[in-house]
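Coordinate inspection notes
This is what each chain is made of:
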Amino acid sequence: MQCNKEASSPSSQQAPTLSGSYEQLHRFSIEQPEQFWEEQSRLIHWETPPQQILDYSNPPFRKWFVGGRTNLCFNAVDRHLQERGDQLALVVASSETDSVREFTYRQLYREVNDFAAVLVHLGVGQGDRVVIYMPNMAEAVFAMLACARIGAVHSVVFGGFAAHNLALRIDDAQPKLLITADAGCRGGKVIPYKPLVDSALASAQTPPEKVLVVSRGLDQALALEPGRDVDYASLRAQLGPVDVPVQWLESNEPSYLLYTSGTTGKPKGVQRDVGGYAVAMALSMLTVFDVKPGQVMFSTSDVGWAVGHSYNVYGPLIGGATALLYEGLPTRPDPGVWWQLCEKYRVRTLFSSPTAIRVLKKHDPDFIRKHDLSALQYLFLAGEPLDEPTALWIKQLLGKPVIDNYWQTETGWPALTLLPGVDLKPTRFGSPGFANLGYNARIIDENTGQEVAPGQKGVLVFVPPLPPGCLSTVWRNDERFIASYFSHFKTLLYSSSDWAIRDEDGYIFILGRTDDVINVAGHRLGTREIEESVSSNQAVVEAAVVGVPDELKGQVPVVFATLRDEHAGDRAAAAAGLRKTVETSLGAVARPARVYIVDALPKTRSGKLLRRSLQALAQGGDPGDLSTLDNPAALDEVRNALNRGADAGD
Ligand code: ATP
Ligand code: MG
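Residues numbered from 1 in each chain as written. Chains lettered and ligands numbered in written order. Predicted model: local features only at pLDDT ≥ 70, side-chain atom pairs only at ≥ 80, totals over all residues. Heavy atoms only, no water.

1. Focus on helix H19 (residues 611-618)
Of the positions making up H19, those classed as buried are Arg611, Ser613, Leu614, Ala616 and Leu617. Of the surrounding secondary structure, the elements contacted by the buried residues of H19 are helix H17 (527-535), strand E30 (540-550), strand E31 (554-563) and helix H20 (632-644). Looking one or two places after H19, you find Gly620, whose phi comes out positive at around 80°. (Buried < 20%, exposed > 50% of the residue type's maximum accessible area, 1.4 Å probe, protein only. Helix = DSSP H or I, 4+ residues; strand = E, 2+ residues; numbered from the N terminus. Contact = heavy atoms within 4.5 Å.)

Below you can see the structure in the form of structure tokens.
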């Protein structure tokens, strides 16, 4: 195979002008989308430039950069070789295997090409799906980029998912190949992956022909099935170092599939394009995350989530930055582990989740304080509501802006955020800020479809066409794409299915999911608002509020909460205190009918509260589909608490 030519460096192309205030740029992006995105398209390399910036002839489907040919892997790797071949591209730190692996762009090029050669050897070609079921290890990144290089469509399935979840995604994606590791680890415990894969393949309707196994020597009992399973290291050695040509793809061809978290039901297979996604990644690195070539971004996400795809892999690499990937818990070997990495690699932007910060909040703040975090400029948090006590705690500790940003697997990059790379507005607790560039966000009345006034609650929607980077459709299911996102209102609008409110200054606040609203004696209350109030009580670490039927009032709020250690001794007093807190802040109508103190709350593997299961249990029902549940012990906790009776209540 022939060697690829080295690419034009980013600076050799005319970069767009991103000058102006946030307001100016945002208006430009909404009022003149074609001009705006034509400028941004210059942030990436096009083998063939786009002939048309936007084709919106078949709403709500839209095509960005029509006719342009490009490649995600080329933009993430090859393009940087000339100017920054010896700069660190990827650092993978694992507290599970007690190792740190560093790769320059040149080394990354080698790894990705060799991986791609193995894929080609196994018969994988353009358009074929490849399921990647791996922990946060370097080869997961190589595998993704190798797929992108040859035009195969990867679908990374979070390595913590059980065989059943994996089988469901295999049947939807119908992959030609599955790539896995011998094992993952959690808290020092080795979790063999191959038996899970074997069991998923046994139950899947459309199992792949081959399974490629990357072994780290963690699972001593690893057994490969002859004829089906292939050992990566052996095949790589056999093929030797190979340069694999880049497959240039039309901008709107699929690049990857990624399933939503499944918090509200059956996961949807989000399909991403090539060119639009690359441009959105490049733009967001500069405008949102304020990370320039040569700087370091650390995202604590798993590669299996949307954040992991965009800001552990594609965003930083397309942006010529250094991506830091971490395998392990935030508290092992001690709660200083992330901050030590921030110090060592001079991380500029750290991206994590409110859940993770709440975990750290249980520990001594000195684990954070003792590190030199002078390079760190921002902490971005996303994935679920950021409660004020958590935001305040970490903000005071770091003395740096803590930026809440809102997005969905569907959007692929922040939809609501502050943009420190443009102009950093003051943060406002509880608000992820403003609509990102390209997002035409509105808050509308669920019944009339009209925009609501500031201070009034409505559904957060985006006026289509959706900007580049967002999903193109639901994989092989255009009907579901329309039904799930565009069928809620008379006019064609993308519904986020989240409640929101805008204050007088334009800051948007997320109030929870539209199916998380409860109706108490005719008053509509967002469970999020009540959770926020409960969390403001000093005794509480985390809280979930659900509505359960009540003969008199229709529905009443019921609280499940975890307590700080020092308050755990007297559940009744803490529970009574919580009710008082809510009554004082939100009024008697929101006062929880019952409060249950538990040791843990059920969460999805992506760290989101599984309210639908809590609600079902609180109503004496079945917790429903538990395939995305992370901590089964928490359900027993909840059941025990319900049997024991409320710790405080009417
Ligand atoms: P599914 O769509 O399958 O039910 P999911 O919605 O949990 O799963 P994700 O795409 O991972 O899957 O999560 C997106 C949702 O997470 C948003 O719609 C919102 O409810 C919540 N979310 C994300 N970021 C924030 C944030 N900054 N503040 C409040 N909520 C957030
Ligand atoms: Mg969702």
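Read on for the rest.
2. Looking at unusual backbone geometry
Note that the residue after Pro59, namely Pro60, is joined by a cis bond; omega there is 5°. Looking at the element boundaries, Pro60 is found in the loop between strand E1 (52-58) and strand E2 (61-66). In this chain, Pro464 is followed by Pro465 through a cis amide linkage whose omega measures 5°. For Pro465, the position within the fold is in the loop between strand E24 (458-462) and strand E25 (473-474). Within the chain, Arg346 stands out as a residue other than glycine whose phi angle is a positive 50°. Mapping Arg346 onto the fold places it in the loop between helix H12 (337-345) and strand E18 (349-352). On the basis of relative accessible area, Arg346 is assigned to the partly exposed category, the value being 44%. Of note in the backbone geometry, Arg476 takes a positive phi value of approximately 50° without being a glycine. In this structure, Arg476 sits in the loop between E25 and helix H16 (478-485).

3. Some remarks on empty space enclosed by the protein
A full pass over the atoms with the stated rule returns 1 cavity of 30 Å³ or more. Of the pockets and cavities examined, the largest cavity occupies roughly 50 Å³. Around the largest cavity sit Val156, Val157, Phe158, Phe161, Arg169, Leu258, Tyr259, Thr260, Ser261, Gly304 and Trp305, which together line it. Looking at side-chain class alone, the lining of the largest cavity contains 7 nonpolar, 3 polar and 1 charged residues. (1 Å grid on protein atoms, 1.4 Å probe; cavity = no way out; pocket = protein on both sides within 12 Å on 5 of 7 lines; lining within 4 Å. Points joined across faces, edges and corners; volume = space filled by probe spheres on them. Nonpolar A, V, L, I, M, F, W, Y, C, P; charged D, E, K, R; others polar.)

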